[in-house]
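# Coordinate inspection notes
If you want the building blocks of each chain, they are given just below.
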Amino acid sequence: ADAGTRLIVLISKPPAAKVAETVLARVGRSRKPFVICFLGARDLKLPANARLAPTLAAAASEALGKPVASALDIHSVAAHARASFDRRRRWIRGVYTGGTLCGEAQIILRDAGEPYWSNAAIPGALPQSSAMAHRLVDYGADEYTRGRPHTMIDPALRDQALAAALGDPTVAAVLFDCVIGHGAHADPAGAVARVLKDAGAAPRPALVASVTGTDSDPQNRAAQVRTLQEAGVLVAASNAEAAALALTISHPR
């Protein structure tokens with residue numbers, strides 16, 4: 001109803017078919033233009049005043065009216081990362097503190113026709129985990145947070161999984177999120193840096209991440225990015241770009 005609103009962006013995890021139908025019917029009765037980002041949803045019948053954004057990054061681009069700036073030259077960075085790999089390194093291990101970003105990364109893999117499994121699966125995921133597939137785990141899911149703080153507050157479980165992935169000779173890239181803000185861990189990038197320091201300098205997979213937050217957050221986004229980069233992490237401008245980079249690194253030569 002706000003006459004000053006020029007564009008409305010709707011973001012959601014995949015809704016039930018009936019819910020999506022109801023929401024989109026209401027969108028169609030509006031005079032406003034919409035950007036719809038129902039992460040992982042397929043076969044949506046959009047009204048004429050709505051555009052589909054498959055990822056959060058795409059939704060941001062639509063809202064801004066311009067592409068989100070890239071932080072990396074994906075192909076050259078990926079080629080450099082692969083130069084030290086043997087052929088056994090093929091798979092991505094995603095270790096996430098949140099399900100939304102975990103789901104967005106799966107979209108990148110699904111759209112590339114790659115096999116993947118997740119405990120926070122979007123449509124298209126394998127029904128069971130497999131050693132011959134990418135595996136993305138949301139450590140903020142209920143099974144990991146019962147009786148303990150959420151992993152955005154206490155990333156210990158995620159960091160244990162990160163350490164395990166570093167030692168897997170079949171892993172080409174470890175993909176993870178760094179989410180900051182009020183209520184989040186005081187220094188999530190520092191926690192990751194300590195894991196990497198303890199792991200030593202032995203041959204290991206590429207480390208790819210994004211930082212979700214701003215310089216105004218208590219942890220300061222720029223400082224978090226710098227900590228990760230100094231620890232050897234490739235930091236992308238968005239989670240979608242990070243997933244695309246991890247995929248490029250993992251793809252067979």
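For the structure itself, look to the data block above.
If you're wondering where the values come from, they're calculated on a predicted model, not measured in any experiment. (Residues numbered from 1 in each chain as written. Predicted model: local features only at pLDDT ≥ 70, side-chain atom pairs only at ≥ 80, totals over all residues. Heavy atoms only, no water.)

## Some thoughts on the sheet that holds strand β2 (residues 34-38)
- The strand order β1-β2-β3 describes an open sheet built from three strands, whose pairing is parallel. Each edge of the open sheet carries a strand with a single partner, namely β1 (8-12) and β3 (50-52). For this sheet the average axis-to-axis angle between neighbouring strands, irrespective of direction, equals 20°.
- As paired elements, β2 and β3 share three bridges and run parallel to each other. Within β3, the position partnered with I36 by the bridge is L52.
- In the packing of helix α1 (residues 17-28) onto the sheet, the strands contacted are β1, β2 and β3, and the crossing angle to β2 comes to about 170°.
- Of the strands in this sheet, β1, β2 and β3 touch helix α2 (residues 56-64), which is tilted by about 175° from β2. (Pairing = 2+ DSSP bridges. Helix = DSSP H or I, 4+ residues; strand = E, 2+ residues; numbered from the N terminus. Axes fitted to C-alpha atoms, helices over the stretch in contact; angles between N-to-C directions. Contact = heavy atoms within 4.5 Å.)

## Points about the sheet that holds strand β4 (residues 91-96)
- Ordered by their spatial adjacency, six strands build an open sheet running β5-β6-β4-β7-β8-β9, and the pairing between neighbours is parallel. Unpaired on one side and paired on the other, β5 (116-118) and β9 (234-236) mark the two borders of the sheet. Here the average twist between neighbouring strands, direction ignored, is 20°.
- In the packing of helix α4 (residues 99-111) onto the sheet, contacts are made with β4, β5, β6 (134-138), β7 (171-179) and β8 (206-212), and the angle to β6 comes to roughly 165°.

## Notes on the packing of helix α7 (residues 188-199) against helix α8 (residues 221-230)
- Their axes nearest at 8 Å, the elements α7 and α8 cross at an angle of 5°. When the interaxial angle is binned, α7 and α8 end up roughly parallel. Residues P188, A189, G190, V192 and A193 of α7 touch α8, and the partners they reach there are Q224, T227 and L228.
- Taken together, the residues of the contact of α7 with α8 sort by class into five nonpolar, three polar and no charged. (Parallel < 35°, antiparallel > 145°, perpendicular 65-115°, else oblique. Nonpolar A, V, L, I, M, F, W, Y, C, P; charged D, E, K, R; others polar.)

## Here we look at the packing of aromatic side chains
- Across all of its chains, the model carries one aromatic pair by this definition.
- Seen from their ring centres, Y139 and Y144 are 4.7 Å apart, and the 50° between their planes marks the pair as tilted.
- The ring of W91 carries R90 above its face, with NZ or CZ at 4.5 Å from the centroid. (Phe/Tyr/Trp six-rings, centres within 6.5 Å; stacked < 30°, edge-to-face > 60°. Lys NZ or Arg CZ within 6 Å of the ring centre and 35° of its normal.)

## Describing the nonpolar core
- I92, Y96, L175, V208, L245 and I249 are the most contacted members of the largest nonpolar core, which totals 36 residues.
- Sorting the residues of this core by element identifies β2, α2, α3 (74-82), β4, α4, β7, β8 and α9 (239-250) as the ones contributing at least two each.
- Ranked by the residues each element gives to this core, the list is headed by α9, at seven residues.
- Non-local contacts of I249, meaning those with residues more than four positions away in its chain, are made with A78, A81, R82, F85, A172, A173, A206, V208 and L234.
- Grouped together as the second largest cluster of nonpolar side chains are 25 residues, V95, V195, L196 and V233 included. (Core = buried A, V, L, I, M, F, W, Y, C linked by side-chain atoms within 4.5 Å. Buried < 20%, exposed > 50% of the residue type's maximum accessible area, 1.4 Å probe, protein only.)

## Thoughts on the pattern of salt bridges
- Scanning all chains against the criterion turns up six salt bridges.
- Of the charged contacts, one joins R148 and D154 as a salt bridge, the two residues approaching to 3.8 Å between their closest N and O atoms.
- R148 sits in the partly exposed class, given a relative accessible area of 34%.
- Residue D154 is classed as partly exposed on the basis of its relative accessible area of 27%.
- With its nearest N and O atoms 3.3 Å apart, the salt bridge here joins R158 to D159. Residue R158 shares its accessibility class with D159, and that shared class is buried.
- Sharing partners across several salt bridges, the network here consists of R158, D159 and D177. (Salt bridge = Lys/Arg side-chain N within 4 Å of Asp/Glu carboxyl O.)

## Some details on the pairing of β2
- Among the five residues in β2, five count as buried, and that is most of the element.
- Neither face of β2 is exposed, since F34, I36 and F38 on one face and V35 and C37 on the opposite face are all buried.
- As paired strands, β1 and β2 are joined by five bridges and run parallel to one another. Bridging across to β2, S12 finds its partner in F38.

## Considering unusual backbone geometry
- Here N220, not a glycine, exhibits a phi torsion of approximately 65°, which is positive.
- Of note, N220 is situated in the loop between β8 and α8.
- You can call N220 partly exposed: its relative accessible area is 26%.

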